[in-house]
Each structure stands twice: as structure tokens, then as C-alpha cells.
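If you want the building blocks of each chain, they are given just below.
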Amino acid sequence: MKDVEQDLIATALPYWETEAAIVRRFFQSKPTREDHIFWLKAQLWKELHPVDGYFTGLQKELNNLAASFPEIDKTIGRRQYHSLLEQLTQEFNHYVLMADVLEYLLGHAVSAADTLQLPQEKKLGDLRRAYANSGSAVDRAAVLVTEGGGARMFREGRKLKGGRLEKMIAAAMEIVYRDEKNHYKDAAREAARAVRNKQELARMKKAVREVSLQRVHMRNEMFKAPLTSDEIKSCLASHGQ
């Protein structure tokens, strides 16, 4: 199983590092205030709309936790329950952190109207949902492996230096990175359990590549296309894809 985990991580890694290259190029290009507003609005939309939609995702989990509260130390251990609570508060805190930065730039309170779904994000969501809802455990697990892009956006953003805005972004990115930097390991471990043979592994890796490539296009659009199509291909190739 360990070999399968490493194979899945190696499959996704070139795409994660290409996302990192996109974010690095953007921050090195001295982006304008409007450029920052653009990516923040797009990221806030992503924070509030996971694969299956915000009100059937986060709210569903909150409802499930509330309903299972009487089962603590009966059918669900107290430490497991606490861990689930922590995961939910972490995820919502990521939205709060990014919204605070956007609010600083806009100069007014952030509302739902200040989030933005971009075309490549819509394509990504449609693709992920198709795999997640295909009825195949292998497909669902493949989506899990691609979630978060290996936290590469946050790894790069935490390095940002400069004035008040840059410090706010770096501080927010640092917290998100700390929360998410090891998620890919847990995802690969869980996905590996769904693989029973070489054919299923090949199917999962194909799905990982397809979704991960769309993630790259999503991230490039979010950051105003700092990499050309040829540069994306070159970056992927340099990392073995």
C-alpha cells in the first residue's frame, strides 16, 4: 500500500509544483491592488464552495456533528469528535483569513457578492463532481488526492514580503499552509485503500492527472495567467509529467 501512496503522490506532484510556479510568478510580478482583489474574490468562492457545494458540504457536516453529539463516547469517541470539530473550524477559518485581506483592500465589509466563480473553476468543479458521483470508489478517491493542490499555493504565499498587504497575505497563507501541508499524505493513504489491482491504480492515476491539469488551468486563470500555455507544459515536463 505504501508504494501505491507514493505512486499517487508522484503522479500529482508535477501539477502541484506547476501551481507553485504560477503563484510565485504572480507575486514576483508586482501585482496591482486590482490583481489582488481578483484572486482573493476567486479564492473566497472556492473556500465557500467545496466539491459538493457549500450548503451540502460544510453545513451538512455541521448538522451531522450536531446530530451525533449525544453519541459521544458511545458510538463515536470524544477524541474523534473533537478532531472533526477542529477540521471544520480550520476550514471556515481559512475563509475568514482570506476575507479579512479582501476587506482590507475593498475598504468595506465583504459580502457574498464579493466572491467570484471563474470559468476554469466551474470546469474544475464539474469535472470533480463527475468523478466524485460516478459510483466508483476509485474515482472518488482520485478526487481526494487532488484536493488542495498539495498546499503549494499557500507554501508560496507564506514567503511573501513587503508592506501591510503583503504581510497580511503571508500571515494568512502561513496558517492555511500549516493546517493543510500534510493533507495530501492522508489523502494518498486513504486513496490507496481503494486500489485493488494494477488496472484500478491506472484508472486512478488517469483521473488524478486530468483533475490536476484542470486545477493548473484554474490557478493560472485566478492569478491573471502569469504562465503561458507553453510555460505550463515546460514546467510539467521539468517535473516529470
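The text that follows walks through the structure, step by step, so that each part is easy to find. (Residues numbered from 1 in each chain as written. Predicted model: local features only at pLDDT ≥ 70, side-chain atom pairs only at ≥ 80, totals over all residues. Heavy atoms only, no water.)

### As for the packing of aromatic side chains
Inspection of every chain in the model, using the stated rule, returns eight aromatic pairs. Each ring, one from phenylalanine 92 and one from tyrosine 95, has its centre 5.6 Å from the other, and the planes form 45 degrees; the classification is tilted. Placement of the pair is phenylalanine 92 and tyrosine 95 together in helix H4 (residues 78-106), with a separation of three residues, close to one helical turn. Residue tyrosine 95 is classed as buried on the basis of its relative accessible area, which comes to 16%. Through a chain of ring-to-ring contacts, three or more aromatic side chains come together here, namely Phe26, Phe27, Trp39 and Phe223. Residue placement shows lysine 224 over the ring face of phenylalanine 38; its charged tip is 4.8 Å from the ring centre. (Phe/Tyr/Trp six-rings, centres within 6.5 Å; stacked < 30°, edge-to-face > 60°. Helix = DSSP H or I, 4+ residues; strand = E, 2+ residues; numbered from the N terminus. Buried < 20%, exposed > 50% of the residue type's maximum accessible area, 1.4 Å probe, protein only. Lys NZ or Arg CZ within 6 Å of the ring centre and 35° of its normal.)

### Focus on the nonpolar core
Counting residues in hydrophobic clusters, the biggest one holds 64 residues, and the most contacted among them are Trp39, Met98 and Met204. At eleven residues, the largest contribution of residues to this core is made by helix H1 (residues 2-28). Excluding its chain neighbours within four sequence positions, the residues that come into contact with tryptophan 39 are Phe26, Phe27, Met98, Met153, Ile169, Met173, Met222 and Phe223. (Core = buried A, V, L, I, M, F, W, Y, C linked by side-chain atoms within 4.5 Å. Contact = heavy atoms within 4.5 Å.)

### Side note on unusual backbone geometry
Glycine aside, the phi torsion of most residues is negative, and most peptide linkages are trans. Residue alanine 151 is not a glycine yet carries a positive backbone phi of 60 degrees. Structurally, alanine 151 can be placed in the loop between helix H6 (137-146) and helix H7 (152-157). Residue class for alanine 151 comes out buried when judged on its relative accessible area of 3%. One non-glycine residue, alanine 225, lies in the positive phi region at around 50 degrees. One can find alanine 225 in the loop between helix H10 (198-222) and helix H11 (229-238).

### As for helix H8 (residues 164-180)
Between its first and last C-alpha, H8 extends 24 Å over 17 residues, near the 24 Å set by a 1.5 Å rise per residue. Within the sequence span of H8, burial applies to Leu165, Ile169, Ala170, Ala172, Met173, Val176, Tyr177 and Glu180. Where H8 is buried, its residues meet H1, helix H2 (33-48), H4, H7 and helix H9 (183-192). (Expected span 1.5 Å × (residues − 1).)

### Some thoughts on the side chain of threonine 115
With respect to the element layout, threonine 115 can be found in the loop between H4 and helix H5 (119-132). By relative accessible area, which is 16% here, threonine 115 ends up buried. From its side chain, threonine 115 meets the backbone oxygen of alanine 112 in a polar contact 2.9 Å long. If near-sequence neighbours (up to four positions away) are discounted, threonine 115 is found in contact with Lys41, Leu44, Trp45 and Leu48. (Polar contact = N/O pair within 3.5 Å; in protein donor to acceptor, adjacent residues only side chain to side chain.)

### Thoughts on the pattern of salt bridges
Counted under the stated rule, the structure contains 22 salt bridges. The residue arginine 155 makes a salt bridge to glutamate 17 at a minimum N-O spacing of 3.1 Å. Taken together, the residues arginine 155 in helix H7 and glutamate 17 in helix H1 connect sequence positions 138 residues apart. Note on accessibility: arginine 155 and glutamate 17 belong to one class, buried. Residue glutamate 156 pairs with arginine 155 through a salt bridge whose shortest N-O separation is 2.8 Å. Three or more residues joined by partner-sharing salt bridges are found here, namely Glu17, Arg24, Arg152, Arg155, Glu156 and Lys159. (Salt bridge = Lys/Arg side-chain N within 4 Å of Asp/Glu carboxyl O.)

Keep in mind these numbers describe shape, not what the thing actually does.
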